[in-house]
Amino acid sequence: METFLIKAAQLILAFAILVIIHEFGHFLFARVFGIRNEKFYLFFNPGLSLFKWKPKKYVSVLHKTKFLSEEGKAEYEADLKFNRAVKAKEEAEARLKEAKKSGDDQEIRAAQRRVDEAMATYKQESDLLFDRQRKEYDEERKESRWKRFWSHTVYGIGWLPLGGYCKIGGMIDESMDTEQLKRDPQPWEFRAKPAWQRLLVMIAGVLFNFLLAIIIYAGIVYTTGEKYVPFSEAKDGMEYSGEARKIGFHDGDIPLRADGVALDNSMDAHLKMAQAKSVTVLRDGKEVDIQIPEKFIFALENEAKSDTAMISFFNYRFPTRISQVAMGDGADKAGIRKGDVIIAVDSTSTPSLLSFINTLKGHEDQTVNLTVTRSKLADDLNSALRDTLMLPVKLDGGSKMGVGLEIDPAAFYKANEIHYSLLQSLPRGMKMGTDKLTAYAKSMKMVFTKEGAKSIGGFGTLGSIFPESWNWIAFWNIAAFLSVALAFMNILPIPALDGGHVLFLIYEVVTGRKPSEKFLEYAQMFGMVVLILLLLYANGMDILRLFK
């Protein structure tokens, strides 16, 4: 349960940061062009807001409202009356439709009277709202630039953590608020601005998500630097998973190129090799080309989910070196020391860590003879001057003997360590963000395959990629990747996403003709249905995986 809560907390925090930054991009560009932002919400609020605040006017927590000014009280109550009028009008219209279906003239006339009464109330409240908006707009023009920027928006937190929104005046968006569109366009509205300004407002969310990823990556390399073992230094090559060996990789192969592009280290190579058509490796001093099947990435994904998977695709190959010995356990009693290298279990050679782990399995509660080498130089664990010893070691019920094993390849091979200044970290962050975006875009084509459709996941899948214990570097790395993914997904030309709005605006810029508001309304509704179905499918797949 604790692990679940830690993963969930990381997912919600990352999601909140990405949503706020995305929506702030829209907010900022809208304000730059003089467009009103009516609401700025983290998470959705159907029927209920956990928190709502309009600067200098009111604060509301779960509908318990504190008014900061008389004007705020009047405005809050006016909004409630308008919302009630809209709801009453919609209910009356729905009843009229039902009455018409029944064919009862008396019932139809009664329903029509209710519609007329509701419409009269709605029109009155709508006129009051419009007058207030015009008054606010006139007052806003007299204010300082800073106050004008932020003080006329309602900020809130909803209860449904599926996203967020910035409600831009005069725009057909996910709120599906079309009431304001029944009046002539006003100077403060989105629809009244030139197409190029509206285009920049819609692109801004995606742009800010990509910029956020760049800043995060730059911050990570500035804080921690980069340390890696170049493939050219890994003399023993790589250890490959079962799926990798099936398509032609051999343990000891050293990756050289993926589709002709040079490979240097495992930080960048895993995905490039999995997505390549051909990978060139160095094997026994000769270059060998390995053809990568089109759906190889799915085979790796399924392998990684199995309980028996020891590695994902490949790891550096290095010896089994003892990093620590627990006092009183089997290894300590047998005379195993820190720095010893295990080269055989009984008569079976174990030239690498993975081969040692696999060989040791199945020896529960047994005594095994370990062949180890021990450096003659206490201060040089990699010394070629070594003694060879055979030590009988008693294992416990889990085939363990009370030792820690060295898992850092830099302990065996020469590593490159790079430190970045603040200015140097920015271009590196840009390169990392661009590489992630390119790799993500390439992987999207696989979604439209049968295997890709099965691999789609929802919030459960997203939560699973976070570590089981809180690690800020890991958290920010994942948040940066999700920011890239969110930017890419949002720019797809699907109605209801930013990319759908961008598509229609590009059409308007090119042709000089603006799609009708009724068309945009239907397109928004269609896009929202598609997105809801995709959301249900993705999270449904997560649920199905729980029962497999």
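Our subject is the structure that appears above.
Quick look at the structure, then. Here the structure is a predicted model, which is why all the values come from computation and not from measurement.

All right, on to the environment of Arg245 then. Its location among the elements puts Arg245 in helix 6 (residues 242-246). Of the residues examined, Arg245 reaches a relative accessible area of 42% and is grouped as partly exposed. The sequence separation of Arg245 and Phe24 amounts to 221 residues, and the corresponding C-alpha distance is 48 Å. Aside from chain neighbours lying at most four places away, what touches Arg245 is Tyr240 and Asp251.

Glancing now at the packing of aromatic side chains. If you walk through the whole model with that rule in mind, you get 33 aromatic pairs. An angle of 40° between the planes, with centres 6.2 Å apart, marks the rings of Phe130 and Trp188 as tilted. One end of the pair, Phe130, is in helix 3 (residues 105-140); the other, Trp188, is in the loop between strand 4 (154-168) and helix 5 (195-224), and 58 residues separate them in sequence. Residue Trp188 is classed as buried on the basis of its relative accessible area, which comes to 2%. One cation-aromatic arrangement involves Lys89 over Tyr122; the distance from NZ or CZ to the ring centre is 5.1 Å.

Next up on the list: unusual backbone geometry. A positive phi angle, close to 65°, is found at Lys56, a residue other than glycine. Tracing the sequence through the fold places Lys56 in the loop between strand 1 (37-54) and strand 2 (58-61). The exposed category is assigned to Lys56, whose relative accessible area is 58%. Its identity is not glycine, yet Phe313 carries a phi of approximately 70°, on the positive side.

Attention now moves to the side chain of Asn265. Along the chain, Asn265 turns up in the loop between strand 8 (261-262) and helix 7 (266-275). Looking at Asn265, the relative accessible area reads 5%, which means it is buried. Residues in contact with Asn265, not counting those within four places in the same chain, are Tyr228, Val229, Phe231 and Tyr316.

With that settled, the discussion passes to the packing of helix 5 against helix 14 (residues 472-490). For the pair helix 5 and helix 14, the least separation of the axes is 8 Å and the interaxial angle reads 160°. What the angle tells us is that helix 5 and helix 14 run roughly antiparallel. Where helix 5 crosses over helix 14, the handedness of that crossing is left-handed. Taking contact as the criterion, the partners of Val206, Asn209, Phe210, Leu212, Ala213, Ile216, Tyr217, Ile220 and Thr224 in helix 5 are, on helix 14, Ile473, Trp476, Asn477, Ala479, Ala480, Phe481, Ser483, Val484, Leu486, Ala487 and Asn490. The residue makeup of the contact of helix 5 with helix 14, split by class, is 15 nonpolar, five polar and no charged.

Looking now at the sheet that holds strand 7 (residues 254-258). Overall, antiparallel pairing links the four strands, which are arranged 8-7-9-10 in an open sheet. Each edge of the open sheet is held by one strand with a lone partner, namely strand 8 and strand 10 (286-291). Both strand 7 and strand 8 contribute to a ladder of two bridges, which runs antiparallel. Paired with Ala258 across the two strands is Val261, which belongs to strand 8.

A word on the pattern of salt bridges. Following the criterion strictly, the structure yields 19 salt bridges and no others. In this structure, the salt-bridge partner of Glu71 is Lys57, at a minimum N-O distance of 3.3 Å. On the criterion of sequence distance, the pair formed by Glu71 in helix 2 (residues 70-102) and Lys57 in the loop between strand 1 and strand 2 is long-range, its members being 14 residues apart. You can call Glu71 partly exposed: its relative accessible area is 47%. By relative accessible area, which is 8% here, Lys57 ends up buried. A salt bridge links Asp435 to Lys431; the shortest N-O distance between them is 2.7 Å. Within this pair, Asp435 and its partner Lys431 are both found in helix 11 (residues 422-444), separated by four residues, close to a single helical turn. A relative accessible area of 28% places Asp435 in the partly exposed class. For Lys431, a relative accessible area of 41% corresponds to the partly exposed category. Connected through salt bridges with shared partners, the residues Lys54, Lys57, Glu71 and Glu75 form a single ionic network.

Residues Asp329, Asp332, Glu364, Asp365 and Asp396 make up a contiguous surface patch of negative charge. Position of Asp396 among the secondary structure elements: in the loop between strand 16 (386-394) and strand 17 (403-405).

Parameters at a glance
Residues numbered from 1 in each chain as written. Predicted model: local features only at pLDDT ≥ 70, side-chain atom pairs only at ≥ 80, totals over all residues. Heavy atoms only, no water. Helix = DSSP H or I, 4+ residues; strand = E, 2+ residues; numbered from the N terminus. Buried < 20%, exposed > 50% of the residue type's maximum accessible area, 1.4 Å probe, protein only. Contact = heavy atoms within 4.5 Å. Phe/Tyr/Trp six-rings, centres within 6.5 Å; stacked < 30°, edge-to-face > 60°. Lys NZ or Arg CZ within 6 Å of the ring centre and 35° of its normal. Axes fitted to C-alpha atoms, helices over the stretch in contact; angles between N-to-C directions. Parallel < 35°, antiparallel > 145°, perpendicular 65-115°, else oblique. Left-handed = near helix turned anticlockwise from the far one by under 90°. Nonpolar A, V, L, I, M, F, W, Y, C, P; charged D, E, K, R; others polar. Pairing = 2+ DSSP bridges. Salt bridge = Lys/Arg side-chain N within 4 Å of Asp/Glu carboxyl O. Patch = residues over 30% accessible without salt bridge, like charges linked within 9 Å, V, L, I, M, F, W, Y side chains within 5 Å. Areas by Shrake-Rupley, 256 points an atom, 1.4 Å probe, with all protein chains shown as cover. Lys, Arg positive; Asp, Glu negative; His and termini not counted. Charge placed at Lys NZ, Arg CZ, Asp CG, Glu CD.

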